[in-house]
Structures are given as structure tokens and as C-alpha cells.
Amino acid sequence: MASVSVDEAMRRAIELAARGLGTTSPNPVVGCVLLDEDGQVVGEGFHAYAGGPHAEIVALAQAGQRAKGGTAVVTLEPCNHTGRTGPCSTALVQAGVARVVIAVPDPNPVASGGAATLRSAGVRVDLGVRGDEAEAGNVAWLTSMRRGWPYVIWKYAATLDGRSAAADGTSMWITSEAARIDVHALRGTVDAVLAGVGTVLADDPRLTARNLRDAASPSGSRCGWWWTARGVPRPTPWSATAPPGRGSRPPPRSARPDGRVDLPARARGAAPARRSVVLLEGGPRLAGAFLAAGLVDKIVGYVAPRLLGAGPTALVDAKVTTIAEAIDLEFVDVTQVVRTSGSPRCPARGRADMFTGIVEEMGEVVGVTPTAGDSALVAVRGPLVTSDARHGDSIAVNGVCLTVVEVTDGVFTADVMGETLRRSALGALRAGDPVNLERAAALGSRLGGHLVQGHVDGVGEVISREPAEQWETVRFRLPAALARYVVEKGSITIDGVSLTVAEVGADEFAVGLIPTTLKLTTLGAKDVGDPVNLEVDVLAKYVERLLGTRVADAGGVA
């Protein structure tokens, strides 16, 4: 593998950081690339969600021992405090990293100081590599943290002649479905959505981020605020999808002597510790007030190739009375939003991936790194299953469905909850252990084996192996709670391998393993006493539930 320069590694780290947009708040987006002593990439990571492992921890989990003496290239100064996770500066020192290259210093006084900690431990620290690009990728969080109030984006939709509605007030739809899908993707990157009271009363907007292609539920927590720039009575504020305690009421109301809202004071009330990015939607007068107060940081306009000639305009009362007072803007990007065959890639919520129990390859555990609480980052080498894997995809590891956090050079990393480690045999995995791997089945693909959910029902144990001429009979201890679901000639999944039950006893069962299964899966190397993950036939559980309901409805008579 060819070595890469620090500059190239930082460019990649900035790309990685962008994957966390919309899911890390109130934390920043961060990307990290780890190079070994020869300059080869040995680990990559990004901060995927608040409370989850930081970019440096994900990259270190992938690199393992190869991080020692290497260089960590990170978009933001490693944190130096213990919050929901431990300090990344300490983790880098403990891993033996010799050099850390940082694009942007951390402006958060609570978390900064990582560079000083690293230097005091003898680690070389360099600042400023691709700093402007890293700033641009994290501009909202950096801006809000430095000045003390959120980064504000004004979004509007209008016709080519600047109308936001027709003369009769109709406005559905000024733009296209493709534009509306893009708007929902934009909403998915912010912490709160603001709308003027007039827009709320007229349109009753949901102010949520949705996947319009498949009618998916709102993705992420989005709070809606009703504001009015004139200080007139307004309805009670509400929260569209925010959990209790978050976004349930707006910042304290402030008023100037003339009775109008003091927008700068109200903006400062929206602490960046909770909301780094706010999307201003709807209400041409509210937009004008924000612009007049100098509170808008970015404008995203959706201009439709249509003409109305009359009707409300997209902007009202921005305190511009002469051309000399015009608000000058700078184009950052111009994109034609067109109808596409796909939909924005949104976080999968409530997704039920399925597998077949046909192992695609035997992989190898690269490392297991404990994280916050009793969870762990598990890095697994699997060239085949990672050939088309992306962040958010599902891969079954020894029959346990795990979500891919990062992929690099044939190694994928998964964030495994403590419950999963306790309820399956994954908790016993160590670096170097072989594992069975299978990607989630795709719709329309050929299915072998049987339907497998990747949800472990229990942990069994190898109790005997009986070699024969053409196969080997292996017996397993069967947990009592699963005994009623296991029948002779039925299906069962053992460490992710779909098998047919040959015999069933009171507390054990047996399967026959053919030479191919013995050679191409981990079952061939299992010793007596080794634990295995068991998943019984999901159809058996559904049948039991349905029959139980029928018996109950019939008053106990089947």
C-alpha cells in the first residue's frame, strides 16, 4: 500500500467529518486518519453521533497496535475532558502516537487543551494543515461556539420573479418534489427550525425532517419554534419531535421599548451548548427582521423556473430603502436540483435487516476497544463484505447484526452496545479471533438458507463432536427458554450459519456439518465448551404468538 502525505490524510479526514453532519449536535463534526510510521493509512474514523465514540477513538480501534509511533491527522483539536466519553488526547498518548496534526484548534473552553496535553506527553503537535477547509466543513459549530449563539441559515423558496405564493395565497407547490426532498435533507442537518407565526397559522407546517420518497418517520430530533418579529400575541410554542426537556419552549421572550422583538437578545438566549444550527423557514417578515438585525449567516434559496407576476414576495421589510443599503451576498454554490431515481440517504430508523445464514467469508477480529459504559468498538477485517459497505450498512458477525460505523482497507468498525455483548458470545471476542460474516440480504437477491434476523436468542455451548466419513455431528447445549422452538428437521442459526437440526434432546440438539461448512466457517474450529450464538426460526416465534392470541380469544380452548 502506498503511503500518503499529511496533507492528503487531512483532506480525507475532512471528507470523513462531513458524514456526521446532522447527527453529532451539540458536538462538532470531526474526522480522523491514522498513519503508521511509514505513512500508510491504518485507521479512519469520524464522530457519528453525540455520546458515541469520537473520531480518534474509532480510528485507534481500527489501527490497533499499528498506531504506535504513527501520526494522527484530525480536523479538530482532540478533546481534553471527560464528558459522555473520555478525553481523546489521553487515548492518543496511551496508544503511543508520535505526532498529531490538527486543522483547527477547539474553541470550546470546556474541551480545549488537548494540544497542550499531547505536547506535555512528548507528542509532536502541528496546527493549521488545511485549516480553511476544515473551518468550512465545521463552520456552523465553530461560529456558534465562538460567538455564543447559533449559526442561522435562512431557507426560502420562490419563483423566478421572487414570489413565495400566488395572488390568492396558494403556494403548494412553488418548487418541485426534488427540491422538497433536498429541503428535508437540509432540515436533517440542523438543530431547530424557526417559522413566523403567520406562516404557522397559514400553512400549519410540521417543521420536521422526513424522507418524502418512502414516507419515513421524521429523522432525528427537530424542534419547531414559532416566532413573530412584531411582538404580537402568538400561539403556545410547541416541539415537533424533540424528546421531553429539549425544545419544549423557545428562548425567553425579549422586547424593545417599541414592543418589537429584540432578535439579537433572543438569539443569544439560544445557547450553542444545545443548538448550534438553526434553520429559519417561512415568514418573509421574520426573514427580513433577521437580515436587518444581521443575524443570518447563510442563505439557501430554491428558485423555481416559474413566473407569477403577483403575490407575496419571499422577503419583506429588511430595512433596505435605497440601492446603497442593499444586502450584498457572495455565491458559495449553485446547484440545479433535479428529479432523481433515488432518495437522500437518511438514517435508518426502525429498519429490520434480514440475513440468510449463508456465510460469505470468514473474517478476523482486528481489535476490541471498550468505550463509554460497557459498550465497545469492534473492528473486523473482511475484504469481501466491506467491498461495497458504507456507514450505516448492516453486517452479521457470528450471527449478530451490527451496524457499520466506518470502513477502511477491508476493515469495518461497529459500535456494539453492552447489552449485545452480554446477551451474545461477542463479549468473548479478542483480536485475532475468526468470525463468520454476512451482509444483509438485498431486496430481489437470491436467498439461500432461511430468514435470519441477526438478533441472538440465546447462547449455547459445544458439548461434543463426532467425526464421520462425509460429515461431522456436533452437539450443542440448548437453553431451556429456546427448547420449544427447536424441532427435528427445522432450521436454526449457529454463529450466523443456517443449519438443519438433526436431533433434539431435552436440553441439547445436534446438527450435521458437511466438509464445506467445516472449512469455510468458524464452526470447524469450535472446541468442546466454546460458546455459540443461537437464533431460532423467527417463524416459530410468530406462530407461537399467533396461537397464543387465538387461545386467549377462545377463553383457553384451542
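Everything here concerns the structure above.
Conventions adopted
Residues numbered from 1 in each chain as written. Predicted model: local features only at pLDDT ≥ 70, side-chain atom pairs only at ≥ 80, totals over all residues. Heavy atoms only, no water. Helix = DSSP H or I, 4+ residues; strand = E, 2+ residues; numbered from the N terminus. Buried < 20%, exposed > 50% of the residue type's maximum accessible area, 1.4 Å probe, protein only. Contact = heavy atoms within 4.5 Å. Areas by Shrake-Rupley, 256 points an atom, 1.4 Å probe, with all protein chains shown as cover. Core = buried A, V, L, I, M, F, W, Y, C linked by side-chain atoms within 4.5 Å. Polar contact = N/O pair within 3.5 Å; in protein donor to acceptor, adjacent residues only side chain to side chain. Pairing = 2+ DSSP bridges. Patch = residues over 30% accessible without salt bridge, like charges linked within 9 Å, V, L, I, M, F, W, Y side chains within 5 Å. Salt bridge = Lys/Arg side-chain N within 4 Å of Asp/Glu carboxyl O. Axes fitted to C-alpha atoms, helices over the stretch in contact; angles between N-to-C directions. Phe/Tyr/Trp six-rings, centres within 6.5 Å; stacked < 30°, edge-to-face > 60°.

## Brief notes about the overall build of the protein
From N to C terminus, the protein includes 13 helices and 22 strands. Counting over 558 residues, the protein shows a buried share of 45%. If you take every contact in the protein between residues at least 6 apart in sequence, the share linking residues at least 24 apart comes to 73%. Accessible area for the protein stands at about 26,900 Å²; split by element, carbon and sulfur atoms hold 53% of it.

## Some remarks on the nonpolar core
Membership of the largest hydrophobic core comes to 48 residues, with the highest contact counts inside it found for Leu 34, Val 97 and Val 100. Residue contributions to this core peak at seven residues, all from helix 2 (residues 55-63). When sequence neighbours within four positions are dropped, the list of residues in contact with Val 100 reads Ala 72, Val 74, Pro 78, Leu 92, Leu 118, Val 123, Arg 124, Val 125 and Asp 126. If you look at the next biggest cluster of nonpolar residues, it comprises 21 residues, including Ala 376, Ala 389, Phe 412 and Val 456.

## With respect to the side chain of Arg 187
Secondary-structure assignment places Arg 187 in helix 7 (residues 177-187). Here Glu 281 takes part through its side chain, which lies 2.6 Å from a polar atom of the side chain of Arg 187.

## Looking at the environment of Thr 473
Counting through the fold element by element, Thr 473 comes out in strand 18 (residues 472-477). For the pair formed by Thr 473 and Gly 512, sequence separation is 39 residues and the distance between their alpha carbons is 4.5 Å. Sequence-distant contacts of Thr 473, that is, excluding residues within four places in its chain, are made with Ser 464, Arg 465, Glu 466, Ala 510 and Val 511.

## Section: the pairing of strand 11 (residues 361-370)
Consecutive side chains along a regular strand alternate between the two faces of the sheet. One ladder, built from four bridges, connects strand 11 with strand 16 (residues 434-439); its direction is antiparallel. Each bridged residue has a counterpart across the sheet, and for Met 362 the counterpart in strand 16 is Asn 436. Judged from the six bridges that link them, strand 11 and strand 12 (residues 376-381) form a sheet pairing that is antiparallel. Bridging across to strand 12, Gly 367 finds its partner in Ala 379.

## A word on the pairing of strand 18
Taken across its six residues, strand 18 has five buried, putting it largely inside the fold. Taking the residues that link successive antiparallel strands as the turn, the strand 17 (residues 458-467)-strand 18 hairpin has four residues. The pairing of strand 18 with strand 21 (residues 508-513) spans six bridges and is antiparallel. Each bridged residue has a counterpart across the sheet, and for Arg 477 the counterpart in strand 21 is Glu 508.

## Details of a nonpolar patch on the surface
Taken together, Leu 160, Val 303 and Leu 307 make up a surface patch of nonpolar side chains, about 330 Å² in accessible area. As for its position among the elements, Val 303 is in strand 10 (residues 298-304). Taking relative accessible area as the criterion, Val 303 reaches 47% and is therefore assigned partly exposed.

## A word on the pattern of salt bridges
In a structure, side chains of opposite charge can pair up when their charged atoms sit close to one another. Counted according to the given criterion, the structure contains 21 salt bridges. When the shortest N-O distance is used, the salt bridge between Glu 15 and Arg 12 registers 3.5 Å. With Glu 15 and Arg 12 both in helix 1 (residues 6-17) and three residues apart, the pair spans about one turn of that helix. Judged by relative accessible area, Arg 12 falls into the partly exposed class, the value being 25%. When the shortest N-O distance is used, the salt bridge between Arg 439 and Asp 388 registers 3.1 Å. Taken together, the positions of Arg 439 in strand 16 and Asp 388 in the loop between strand 12 and strand 13 (394-397) put the pair 51 residues apart, joining distant regions of the chain. With a relative accessible area of 22%, Arg 439 lands in the partly exposed category. Overlapping salt bridges, with partners in common, bring together Glu 466, Arg 475, Glu 503 and Glu 508 in one network.

## Observations regarding the sheet that holds strand 17
Sheet strands associate in pairs through backbone hydrogen bonding, adopting either a parallel or an antiparallel arrangement. Strand order in the closed barrel formed by six strands is 17-18-21-20-19-22, with antiparallel pairing between adjacent strands. Within the sheet, the average angular offset between the axes of one strand and its neighbour, ignoring direction, is 45°. Both strand 19 (residues 491-494) and strand 22 (residues 531-536) contribute to a ladder of three bridges, which runs antiparallel. Paired with Thr 493 across the bridge in strand 22 is Glu 535.

## Let's talk about the sheet that holds strand 3 (residues 71-76)
Spatial ordering of the open sheet is given by 2-1-3-4-5, a layout of five strands whose pairing is mixed. Strands at the two margins of the open sheet, each flanked by one partner only, are strand 2 (41-46) and strand 5 (124-127). Between one strand and the next, the sheet's axes are offset by a mean angle of 15°, whatever the strand orientation. With four bridges joining them, strand 4 (residues 99-104) and strand 5 adopt parallel strand pairing. When the bridges of strand 5 are listed, Val 101 appears paired with Asp 126. The strands touched by helix 1 are strand 1 (31-35), strand 2, strand 3 and strand 4; relative to strand 1, the strand with the most contacts, the crossing angle is about 145°.

## Some remarks on the packing of aromatic side chains
Geometrically, a pair of aromatic rings is defined through the distance of the ring centres and the angle of the planes. According to the stated counting rule, one finds two aromatic pairs in the structure shown. Taking the centre distance of 5.4 Å and the plane angle of 20° together, the rings of Phe 476 and Phe 509 count as stacked. Note that Phe 476 is positioned in strand 18 and Phe 509 in strand 21, a separation of 33 residues in sequence. Among the residues examined, Phe 509 registers a relative accessible area of 0% and is labelled buried.

## Let's talk about unusual backbone geometry
In this structure, Pro 26 follows Ser 25 across a cis peptide bond, with omega equal to 10°. Secondary-structure assignment places Pro 26 in the loop between helix 1 and strand 1. Phi at Arg 130 takes a positive value of approximately 50°, unusual for a residue other than glycine. In this structure, Arg 130 sits in the loop between strand 5 and helix 5 (131-137). Phi is positive for Lys 319, close to 65°, though the residue is something other than glycine. Take Lys 319: it is sitting in the loop between strand 10 and strand 11.

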